[in-house]
Amino acid sequence: MFSKLASRPIAIGIGASLSMALAANASSSSPSPASCDADAPVPLSKMLSTIQSSLSRIEATLGIPPPAPKYTPPPANTSYNPATPKTPPVTPHGIDIVLGAQWGDEGKGKLVDILSQTYDVCARVAGGSNAGHTIVANGRKYKFHLVPSGILNETAVCIIGNGVVVHLPSFLEELKSLELAGVKWEGRIKLSDRAHMVFDFHQDVDGKQETKLGRNKIGTTKKGIGPAYASKISRNGVRVGDLKDMEYFEERFRILCEYQMQANPGLEIDVEKELEYYRKISPYVQGMTTDTIEYTNQAYLSGKKILVEGANATMLDIDFGTYPFVTSSNPSIGSVLTGLGVSPRKLNGIYGTVKAYCTRVGEGPFPTELVDEPGSTGEFLRSNGYEFGTTTGRPRRCGWLDIPQMKFSTNINGFTSLNLTKLDVLTGLPELKVGIKYKLNGKTIDTMPANLKVMTSPSFEVEYEVLPGWTEDISTCTKFEELPPNAQKYVLRVQELIGVPIRWIGVGPNRLDVVDRGPGWDVVEQKRM
């Protein structure tokens, strides 16, 4: 009742204002008798203009603000002048990414090597010299740790992005070994001025911390990656770009050394010797140092094809992996944005690399791990697949392909296609198993457990699906149809279980031992077709 009564004066006031506005509009817009011609037709455009004008005056009288102006793009200049022809606009290709989908060592470098032959720019965005890729090309074996394996493409520029931590002595040694192998890299490596540096004492700290953990060790490579990222997050790290001002570099370096020696009793650092070394290499390193963020984005805008080479893998991600048995960075899709300095709108194909089985180096849970005994399937996979770490030489733990883990990795990264590697290693096994479900106390677990005690619980189990094996040699296959029927069935079943098309299939260790099913097996390429 009170609301109805209270609204009446307002309604009356609005009504009165509207009447006054209409009266004022009528008196101002009525034509004079002398100009009135009943027989003359009035154009429609004039009638609409009069109505619009009247409405505007009424709204102004009532105090209604005019509508906000809309953006109108400038008219296109359609005039053609042969003397000054215009360059057609460049359509950016987008940034393609190769990522590890398991626990690392999946064979990412081989796909990068194949793809990079048609790319203008190849980049690393996370991790450090703890990563390792082995490429066999023209009978020669190349091992990469910091330098993108795309350097084997003589026309490609290789970027080490701001998200990478760089141990300069190791980096320079790697360049030297490439030079001795006949790889001409000069002028083709761009080192980010924002990349943080790994020092020898970071490696010392890494080793001592791992030793202190004893039976609870992480399984780190002891390359100083974790302590270097810790310095970065503690905001006392030193960046590659700091070498451009040696006075500033020395100041930052002394502060960092003092902090490390206080935090790690017994740690000894020969500060002056270290400074002498970095003064010596500074001019050489500066020749490769640049603002890689600007360089990458300009390359994208100019239509250059850019390929990112992921290091490590999703299940070693500091956020998504089997924490704490993980690396110290984010080797999943997010690192491309933060470690290269690009917008997510610039990403294109996201290629997940997955072995036809599964391996892991170091400590931590491994649900589908096989027993490692002479004559066992686990020993067969390690021996046939030569499963030893590129960086450490440690034997890798081997197991069956893990579908729940792969679905988890796919959810995080949004793979547009998969690169299934080392299918040839399975040749000769009478039957193959694929882990399809995790169960706890007999109930299915829908995702990767965050609590590692779940995967080490006696009540935790993996449900497997058994598929027939094959004995035929597949190393000479170049088409999917040439694979043995059981090998085809295996690939198609894995593809069905993961829910992502498998485009590339590794059939041997050499550079070209890959079956490419074509762009029709890539979600991104399908949209373009």
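Residues numbered from 1 in each chain as written. Predicted model: local features only at pLDDT ≥ 70, side-chain atom pairs only at ≥ 80, totals over all residues. Heavy atoms only, no water.

Focus on the state of the cysteines
Line of reasoning, step 1. This structure, assessed with the given rule, holds 0 disulfides.
Line of reasoning, step 2. Cysteine 398 takes part in no disulfide bond, and the closest cysteine sulfur to it belongs to cysteine 358, at a distance of 9.1 Å.
Line of reasoning, step 3. Given a relative accessible area of 3%, cysteine 398 falls into the buried group. (Disulfide = S-S within 2.5 Å. Buried < 20%, exposed > 50% of the residue type's maximum accessible area, 1.4 Å probe, protein only.)

What to know about the confidence of the model for the chain
Line of reasoning, step 1. Looking at the chain as a whole, the pLDDT averages 87, with 86% of positions reaching at least 70.
Line of reasoning, step 2. Predicted confidence is poor over residues 21-26, with pLDDT under 50, and the contacts of this stretch with residues over four places away or in other chains come to 5 contacts.
Line of reasoning, step 3. Here residues 28-36 is a poorly scored stretch, pLDDT under 50, and it has 2 contacts once near neighbours within four places are set aside; other chains count. (pLDDT = per-residue confidence, 0-100. Contact = heavy atoms within 4.5 Å.)

Considerations on helix 3 (residues 108-115)
Line of reasoning, step 1. Burial within helix 3 is extensive, with 7 of its 8 residues counted as buried.
Line of reasoning, step 2. Residues of helix 3 that are buried: Lys108, Gly109, Lys110, Leu111, Val112, Asp113 and Leu115. (Helix = DSSP H or I, 4+ residues; strand = E, 2+ residues; numbered from the N terminus.)

Observations concerning the packing of helix 5 (residues 200-213) against helix 7 (residues 246-263)
Line of reasoning, step 1. Packing of helix 5 against helix 7 leaves a shortest axis separation of 11 Å and a crossing angle of 15°. Judged by the inter-axis angle, helix 5 sits roughly parallel to helix 7. Here helix 5 and helix 7 pass one another in a crossing that is left-handed. Contacts between helix 5 and helix 7 involve Phe201, His202 and Val205 on the former and, on the latter, Phe253, Leu256, Cys257 and Gln260.
Line of reasoning, step 2. For the contact of helix 5 with helix 7, the residue count by class is 5 nonpolar, 2 polar and no charged. (Axes fitted to C-alpha atoms, helices over the stretch in contact; angles between N-to-C directions. Parallel < 35°, antiparallel > 145°, perpendicular 65-115°, else oblique. Left-handed = near helix turned anticlockwise from the far one by under 90°. Nonpolar A, V, L, I, M, F, W, Y, C, P; charged D, E, K, R; others polar.)

Quick look at the UniProt feature "binding site: substrate" (unreviewed entry) in the chain
Line of reasoning, step 1. The feature "binding site: substrate" (unreviewed entry), as annotated in UniProt, sits at Thr390, Thr391, Thr392, Gly393, Arg394, Pro395 and Arg396 in this numbering.
Line of reasoning, step 2. In this structure proline 395 touches Arg382, Glu387 and Phe388, once residues within four positions along its chain are discounted. (UniProt positions renumbered as here; feature names shortened; annotations may be inferred.)

What to know about the pattern of salt bridges
Line of reasoning, step 1. Under the defined criterion, the tally for this structure stands at 16 salt bridges.
Line of reasoning, step 2. The partner of glutamate 463 in a salt bridge is lysine 439, and the shortest N-O contact between them spans 3.0 Å. Here glutamate 463 is found in strand 18 (residues 460-468), whereas its partner lysine 439 is found in strand 16 (residues 431-440), with 24 residues between them in sequence.
Line of reasoning, step 3. We note a salt bridge from glutamate 496 to arginine 493, for which the minimum N-O separation is 2.8 Å. Placement of the pair is glutamate 496 and arginine 493 together in helix 14 (residues 485-498), with a separation of 3 residues, close to one helical turn. (Salt bridge = Lys/Arg side-chain N within 4 Å of Asp/Glu carboxyl O.)

Points about the pairing of strand 11 (residues 347-355)
When a strand is regular, its side chains alternate between the sheet's two faces.
Line of reasoning, step 1. Burial runs high along strand 11: 8 of the 9 residues are buried.
Line of reasoning, step 2. When strand 1 (residues 95-100) meets strand 11, the two strands line up parallel, connected through 5 bridges. Paired with isoleucine 95 across the bridge in strand 11 is leucine 347.
Line of reasoning, step 3. Pairing of strand 11 with strand 15 (residues 417-421) involves 5 bridges; the strand directions are parallel. Residue glycine 352 lies in a different strand from strand 15, and its bridge partner there is leucine 418. (Pairing = 2+ DSSP bridges.)

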